[in-house]
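Structural features, examined
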Amino acid sequence: MDGKPPQPMVPAYGGNSLADLPSSLLAALGVPSRGQGARSADSDNLLDLAPADRVCLFLVDGLGAELLRAHADRAPFLSSATARRLTAGFPSTTVTSLCSLGTGLPPGEHGMLGMTLAVPGERHLFNCLRWTLPKGMPPMDPSEWQPAETVYQRAARAGITPSYVGPAAFEGTGLTEAVYRGVRYVPADTVEERVAGVKAMLAGPRAHVTVYHGDLDATGHLVGWGSPQWLDQLELVDDMAARLAETLPPGSALYVTADHGMVNAVEKIDAQATPALSEGVAMFGGEARARHVYTEKGAAPAVLEAWREVLAGKAWVVSRQEAVDSGWFGPDVRREWMGRIGDLVAVPYTDCVILASATHPIEAAFVGYHGSMTAAEQLVPLLEVSTR
């Protein structure tokens, strides 16, 4: 790409982002503001959601708003719903977005600043998605890595039992404990089981239900978004949304959203196999569209200069402080989370990805990726179906 790089789509924290949705959902249910002694929920309802007795949030992993719009004919139910668009957050990746949805906080406050992050003060990475550390190390305590109160705990204090309907394999995992503390977990692996689980959880007088579907994202990673297999998954998601809408009792609202969108990679740059990008680097974290680069002591300025030169016209390459000052992670970043951010952060805006194939070999084989601040990755739908 020639000329001046485009401006990143910095997430609209505090008014039009995924982090603003969970508190707005609680406000719609009449749950008081998180402030001490607050008498109403109005101050938390940034998305101005209408009151409801029951809300169901259908979270479709990888259903970007731009992707849905490009194939509206394959998702007629979703495309006919009342819609707006939100920004996902940075990086636009599952662990970050799930934690924003679980806490109502932007990434800089909840600390899930990428998929693989440095443990401050240590010379190793922590995989926040798989919740794994290098072999032989003690497990990471979810409440220490992510100590913020969840919206589900807030709901429970207000007399609502929040529930989460999702794959049985995710029950009790570190990530689940970090972002879904306080929920009643309802294991459900098939579409039929998930629809039935949602119906059961909506049966009470007040309900807060989240249901998760991840196959669209997995298919996009493996064979690309827009592929025949991906389109088949989109049709399945559309049918599932329609079936969930049919389960809604009176006084309920179904909201459909996603954690991020996706792009298909055309160019792959292996940083670990490129001397100009590997020299002075201690660890490659993050992911291919939002790479956290941790440098050897004293090497950060030289590494930053080299990465900017090699990736000119392809990626935004900034220092840690520049990313923080630009509001990429939100208006504030807690001081204790600063060491989780790379000494530099490299974020492609073209259709290239920055691989670290020796460290992250599975990722290197993907077709579809996400994490950056392009519209295709950042914009997610917020669709509403109501029986109010």
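Residues numbered from 1 in each chain as written. Predicted model: local features only at pLDDT ≥ 70, side-chain atom pairs only at ≥ 80, totals over all residues. Heavy atoms only, no water.

In terms of helices and strands, the protein chain carries 16 helices and 17 strands. At 20 Å, the protein chain has a C-alpha radius of gyration in line with the 21 Å of a compact globule built from 388 residues. Relative to its 388 residues, the protein chain shows a buried fraction of 59%. Considering only residue pairs separated by 6 or more positions, the protein chain has 74% of its internal contacts joining residues 24 or more positions apart. Carbon and sulfur atoms make up 52% of the accessible area of the protein chain, which amounts to about 15200 Å² in all. (Helix = DSSP H or I, 4+ residues; strand = E, 2+ residues; numbered from the N terminus. Rg over C-alpha atoms; globule rule 2.2 N^0.38 Å. Buried < 20%, exposed > 50% of the residue type's maximum accessible area, 1.4 Å probe, protein only. Contact = heavy atoms within 4.5 Å. Areas by Shrake-Rupley, 256 points an atom, 1.4 Å probe, with all protein chains shown as cover.)

Attention now moves to the confidence of the model for the protein chain. When pLDDT is averaged across the protein chain, the result is 95; 97% of the residues are at 70 or more. Counting contacts from residues 36–40, a segment whose pLDDT is below 50, to residues more than four positions away or on other chains yields four contacts. (pLDDT = per-residue confidence, 0-100.)

Let us look at the environment of Ala168. Tracing the sequence through the fold places Ala168 in the loop between strand 5 (162–166) and helix 8 (174–179). In this structure Ala168 comes out as partly exposed when scored by relative accessible area, which is 33%. When sequence neighbours within four positions are dropped, the list of residues in contact with Ala168 reads Pro187, Ala188 and Asp189.

On to the packing of aromatic side chains, then. For the structure shown, the criterion picks out twelve aromatic pairs. Centroid distance Tyr152 to Tyr180: 5.7 Å. Interplanar angle 50 degrees. Geometry classified as tilted. Here Tyr152 is found in helix 7 (residues 151–157), whereas its partner Tyr180 is found in the loop between helix 8 and strand 6 (184–187), with 28 residues between them in sequence. Each residue in the set Tyr152, Tyr164, Tyr180 and Tyr185 is aromatic and connected to the rest through ring pairs, giving one cluster. The ring of Trp145 carries the charged tip of Arg340 above its face, separated from the ring centre by 3.4 Å. (Phe/Tyr/Trp six-rings, centres within 6.5 Å; stacked < 30°, edge-to-face > 60°. Lys NZ or Arg CZ within 6 Å of the ring centre and 35° of its normal.)

Across the interface, helix 10 (residues 215–223) lies against helix 11 (residues 228–246) with an axial gap of 9 Å and an inter-helix angle of 175 degrees. Classified by the angle their axes make, helix 10 and helix 11 are roughly antiparallel. In this structure, helix 10 uses Asp215, Leu216, Thr219, Gly220 and Val223 to contact helix 11, whose residues at the interface are Gln229, Trp230, Gln233 and Leu234. Classifying every residue of the contact of helix 10 with helix 11 gives four nonpolar, four polar and one charged. (Axes fitted to C-alpha atoms, helices over the stretch in contact; angles between N-to-C directions. Parallel < 35°, antiparallel > 145°, perpendicular 65-115°, else oblique. Nonpolar A, V, L, I, M, F, W, Y, C, P; charged D, E, K, R; others polar.)

It is worth spelling out the environment of Arg181 at this point. When you line up the elements, Arg181 lands in the loop between helix 8 and strand 6. On the basis of relative accessibility, which here comes to 15%, the residue Arg181 falls in the buried class. Linking Arg181 and Ala148, residues 33 residues apart in sequence, is a C-alpha distance of 9.8 Å. Once you skip the residues sitting within four places of it in the chain, Arg181 turns out to touch Pro142, Ser143, Gln146, Pro147, Ala148, Thr150, Tyr152, Gln153 and Thr176. Looking at Arg181, its side chain comes within polar contact range of the main-chain oxygen of Gln146, at 2.7 Å. A polar atom in the side chain of Arg181 sits 2.9 Å from the backbone oxygen of Ala148. (Polar contact = N/O pair within 3.5 Å; in protein donor to acceptor, adjacent residues only side chain to side chain.)

Quick look at the sheet that holds strand 14 (residues 344–348) now. Working definition: the strands of a sheet are paired by backbone hydrogen bonds and lie parallel or antiparallel to each other. Pairing within the open sheet is antiparallel, and its four strands lie in the order 11-12-14-13. In the strand order of this sheet, the two ends are held by strand 11 (281–284) and strand 13 (315–319), each with one partner. Adjacent strand axes in the sheet meet at a mean angle of 25 degrees when their direction is disregarded. As paired elements, strand 13 and strand 14 share five bridges and run antiparallel to each other. Along strand 14, the bridge assignment pairs Trp316 with Val347. Helix 13 (residues 300–310) rests against strand 11, strand 12 (291–295), strand 13 and strand 14 of the sheet, and its axis sits at about 170 degrees to strand 13. (Pairing = 2+ DSSP bridges.)

Position of Thr176 relative to the elements: it lies in helix 8. For Thr176, the side chain forms a polar contact with the side chain of Thr173, separated by 3.0 Å. Every residue in contact with Thr176, bar those within four places of it in the chain, is listed here: Phe170, Arg181 and Tyr185.

Each full turn of the α-helix corresponds to 3.6 residues, which orients residues three or four apart in the same direction. With 19 residues, helix 11 ought to run about 27 Å at 1.5 Å a step, and its terminal C-alpha atoms sit 28 Å apart, in line with that. Residues of helix 11 that are buried: Trp230, Leu231, Gln233, Leu234, Val237, Asp238, Met240, Ala241, Ala242, Leu244 and Ala245. (Expected span 1.5 Å × (residues − 1).)

Right, let's talk about the pattern of salt bridges for a bit. Summed over all chains, the structure comprises 14 salt bridges. Ionic pairing is found between Glu66 and Arg69, a salt bridge with its closest N-O pair at 3.2 Å. With Glu66 and Arg69 both in helix 2 (residues 65–70) and three residues apart, the pair spans about one turn of that helix. Between Glu363 and Arg291 there is a salt bridge, and its shortest N-O distance comes to 3.1 Å. Highlighted residues: Glu363 in helix 15 (residues 361–364) and Arg291 in strand 12, separated in sequence by 72 residues. The two residues Glu363 and Arg291 agree in class, both being buried. One continuous salt-bridge network, built from bridges that share partners, spans Glu66, Arg69 and Arg85. (Salt bridge = Lys/Arg side-chain N within 4 Å of Asp/Glu carboxyl O.)

This part covers the sheet that holds strand 6. Pairing within the open sheet is mixed, and its seven strands lie in the order 2-17-8-1-7-5-6. Every interior strand has two partners, whereas the edge strands, strand 2 (82–87) and strand 6, have only one. Mean inter-strand twist for the sheet, computed between neighbouring axes without regard to direction, equals 20 degrees. With four bridges connecting them, strand 5 and strand 6 associate as parallel partners. Of the residues in strand 6, the one forming a bridge with Tyr164 is Tyr185. Across the sheet, helix 9 (residues 191–201) touches strand 1 (54–60), strand 5, strand 6 and strand 7 (207–213), and the angle it forms with strand 7 is around 170 degrees. Against the sheet, helix 11 engages strand 1, strand 7, strand 8 (252–257) and strand 17 (379–386), with an angle of about 165 degrees to strand 7.

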